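# Per-entry structural report
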Amino acid sequence: MTLPAIHCSHGGAWLRDASGTRAVSKGEAVMAAADTPLLLLNAPLVATRLGYPDLSGLDLLELYAFIHPARFVVPTPKGLAKALGLAEPASESDIPALLQTAADALLATCESDAWAEREGAWSALQSLTRMRWPWAVLLNGRIARPERAERWLFSRLPEWEEAADLPQPAQVRLEQDEVLDRLAALTGSQAETRPGQRAYAIETSEVFAPRPRQGQPHVLLAQAGTGIGKTLGYLAPASRWSERSGGTVWVSTFTKALQRQLRQESRRAWPERRPDGSRPVVVRKGRENYLCLLNLEDALQGGFAGRAAILAQLVARWAAYTRDGDVIGGDLPGWLGTLFRQRGITALTDRRGECVYAGCPHYRKCFIERAARASAKADLVIGNHALVMVNAARGRDHAARPTRIVFDEGHHIFDAADSTFAVALSGAEAIELRRWIIGPEKASRGRRRGLAARLADIASYDEAGGRAISAAREAAEALPGDGWLQRLVENTPSGPIEELLAAVRALVYARDESGGAEAGYGLETEAAELEGAFVEQAQAARAALADLRQPLIRLGVRLEAILEEPPDWLDGPGRARIEGARHSLAWRIELVAAWEALLERLGGPADPEFVDWLAVERSDAREFDVGIHRRWLDPMKPFAKVVLEPAHGVVMTSATLRDGEDWESAIARSGARHIGVEPRLSAQQSPFDYAAQAAVLIVTDVPRGDIAALAAAYGRLIEASGGGALGLFTAIRRLRAVHGRIADRLARGGLPLYAQHVDPIDTGTLVDIFRDDPAASLLGTDALRDGVDVPGHSLRLVVMEQVPWPRPSILHRARRLTGGGSAYDDAIIRARLAQAFGRLIRGRDDSGHFVVLSPAFPSRLLTAFPPGTPVQRVTLDEALQRVARHGSGDGIVSPDRAQSSA
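The sections below set out a description of the structure shown in this document.

### Looking at the side chain of Asp 759
Examined against the element boundaries, Asp 759 turns out to sit in the loop between β19 (753-755) and α32 (763-772). The class of Asp 759 is buried, set by a relative accessible area of 5%. Engagement of the side chain of Asp 759 in a polar contact is seen with the side chain of Arg 49, the distance being 2.8 Å. There is a polar contact of 2.8 Å between the side chain of Asp 759 and the backbone nitrogen of Ala 755. Leave out the neighbours within four places in its chain, and Asp 759 touches Leu 45, Arg 49, Leu 753, Tyr 754 and Leu 766.

Here it is, written out as structure tokens:
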């Protein structure tokens, strides 16, 4: 049966039915979709294009996720064709026919003996049929009932095994020859010799030498220009040290994209598995990144309803075939959750710290526990900055405190530490604590339970522990409950914490001087010059928090006592569960104590180590949180104490680590001096010929604040380049305005335009789409300024709407005062420009233009660009001519040659 199919883009809509393919209006497309289920690709995106949010149909991405779980596909017609081995459509009008062919191919797969993901499909389909999944009718006749009953997912998953703790690493010192030999083996015999990479590898190897004194790690700050090959440069000594010492090296990144790259590159140094089946390389993330099997089981058994229940079934299909259970940046398609228009994926993870550890029936199959144990035995653990810092601060996981660490994307360490060691007493944070203690306040389909339910056996066995749980539950009633934000708006707060938050909100609005001009941003004011009534409310809230902390402490003492003198019924899994509860309890006690300390300071003298402020958080003029915030003035102080001091060797590396030739800011932001260590410094210049490969064009005639002119400039530049443009914005509002003005026109010219905060697609998938289509362009904000690796012709133009000035927040102002004033700002801007420019040239064959639409671009910022890069101030018309010449294959025309040819 051939189903009618529809394709819709900014360039138009095309419908294919029994009479053939024809272009249709949006109204006709909506009517056709309402009359009969249509084949389509990415229903939320098509719905956005049609302006019809209730659109439904037979989404080929859902079918693909069912038939090929954990298998990568770019969610575009071209990407689907490539994944299925079909001919790519020559034009948009050919796409409906492709969708029909793709549907036939996917459905035929179900009848093929070569279908690799057959196991579990029939059982899942029975559940999906009951849920009236649109594809179920078409699949039922094609998936044969297995001769033997299929095992349920939870019985098919392998169990992890306990292993003895490894001995401490042997003390070894790497010789230069063995490091260079390992580097040569990793790069291959055909690779060109890169002197900068060799020098970088030798410098990095020194970090793995034995530590001379306790609390004094080797610290190396290594600037490695793009193209040096720093990944293999540090993997060479890391793999050799691990081989000789038996120890584990952690490589920490800031972006998921680099984690994926590292996983690929590491295969040069280590096999996929050792002879015993264990993995020498493990990607390690925070708990909230992994599928929680108990949450999934609850969802499959009625915890999810409607479309969310279908999502749970598709995730269960994926869980049987996933490499490691990573739902955020792993092999779960990033687009899958966005197909269901709600945060169903996050509900399947442990984001609230409610894990019962060994009390879970799936504990021995748990993806999180498996990753933790695998990392304890791994040679290389690929993590992220936040995980390394959180585990160092309060980790209970195996191998949580690495001793040899390479911080790649090292320019982000300061920001990661700033977030990790921050304190915020806000409504959103407080209600999560309330729910962790009390449980859900209303009837809930989920498995969320309060402290009493999770520790019911302890309460019944230990009378003092039971009293502590009851007291904690009673004290938690003082925390904000459901509907707290609405009560604040209506000025009817309930309880001392809500009353304080209401006072915070009122004070922030009273001091606001924006006049509502920037309604999309949050509002804030200093925690200074507070009236007596406000201070009294803060102290009442502090007393309520103290009343909550005390029973939590008593409960922790009781749990410790039970572990020291265990009852007869306490087995190994029970002990592990109590250990887990103690850990969760301990860091929440720390959280409440930090809130108390924050409130105690209000009304008193300022602490020079910290910056405190009050804030109302908003998005698109809608309030979503209210709170009091505290940040370290220099977050590298706690970082140095918690992360650096226990380590033996640390590398911080990046292409943008230092400011020009100045190392001082990089040294200050390393934290090394806080523990009395003077870091070693290394700098290797990029091997690229920027004079021939790139040009910076500063456009002088696009007026600032003129959205129409800004949009016109973006549209004309993208047309001149023939796509392949990355547009970077400092404000979401302007991004949306520009996209809305130019997307349709570009699409009609065969130049698709995608955008963060506009298209219902996650950022990682947007980058995949952009990378896959040389005619596509992508607009985004800070997340795309760094960590986007798109080598080749797909990225040949970067356009920044303006100089990326720091947002003038209270925190920024405080750091600016102590960091050198305008020089502090300039260093931040140069770093952002350097990171953005770094997206453009990723390989020796790359070339392109970096355009800044800023009439008054300060000359002092030009040192952000690599030495030798041509920079010229031009009109928009001149910029268009140069971009067009490059797009036609004439290469980069330097300013000097351009002037002489003129």
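### Concerning the pattern of salt bridges
This model, assessed by the stated rule, comprises 52 salt bridges. Taking the shortest distance from any N to any O, the salt bridge between Asp 772 and Lys 82 comes out at 2.8 Å. Taken together, the positions of Asp 772 in helix α32 and Lys 82 in helix α4 (residues 77-84) put the pair 690 residues apart, joining distant regions of the chain. According to the relative accessible area criterion, Asp 772 is buried, its value standing at 16%. Across the salt bridge formed by Glu 801 and Arg 734, the nearest N and O atoms sit 2.7 Å from each other. A residue pair is termed long-range when its members are at least 10 positions apart, and Glu 801 in the loop between β21 (797-800) and α33 (810-819) and Arg 734 in helix α31 (residues 732-748) qualify at 67 residues. Three or more residues are tied together by salt bridges with common partners; here these are Glu 178, Arg 182, Arg 240, Glu 243 and Arg 244.

### As for the sheet that holds strand β11 (residues 423-426)
Strand order across the open sheet formed by four strands is β11-β14-β13-β12, with antiparallel pairing between neighbours. Whereas interior strands pair on both sides, the edge strands pair on one side only; in this sheet they are β11 and β12 (523-526). Direction aside, neighbouring strands of the sheet carry axes that sit 25° apart on average. Relative to strand β14 (residues 622-632), β11 is paired through four bridges, and the arrangement is antiparallel. In the strand pairing of β14, Val 423 is matched with Arg 630. Sheet contacts for helix α26 (residues 572-601): β11, β13 (610-619) and β14; angle to β11, the most-contacted strand, approximately 80°.

Thresholds applied
Residues numbered from 1 in each chain as written. Predicted model: local features only at pLDDT ≥ 70, side-chain atom pairs only at ≥ 80, totals over all residues. Heavy atoms only, no water. Helix = DSSP H or I, 4+ residues; strand = E, 2+ residues; numbered from the N terminus. Buried < 20%, exposed > 50% of the residue type's maximum accessible area, 1.4 Å probe, protein only. Polar contact = N/O pair within 3.5 Å; in protein donor to acceptor, adjacent residues only side chain to side chain. Contact = heavy atoms within 4.5 Å. Salt bridge = Lys/Arg side-chain N within 4 Å of Asp/Glu carboxyl O. Pairing = 2+ DSSP bridges. Axes fitted to C-alpha atoms, helices over the stretch in contact; angles between N-to-C directions.

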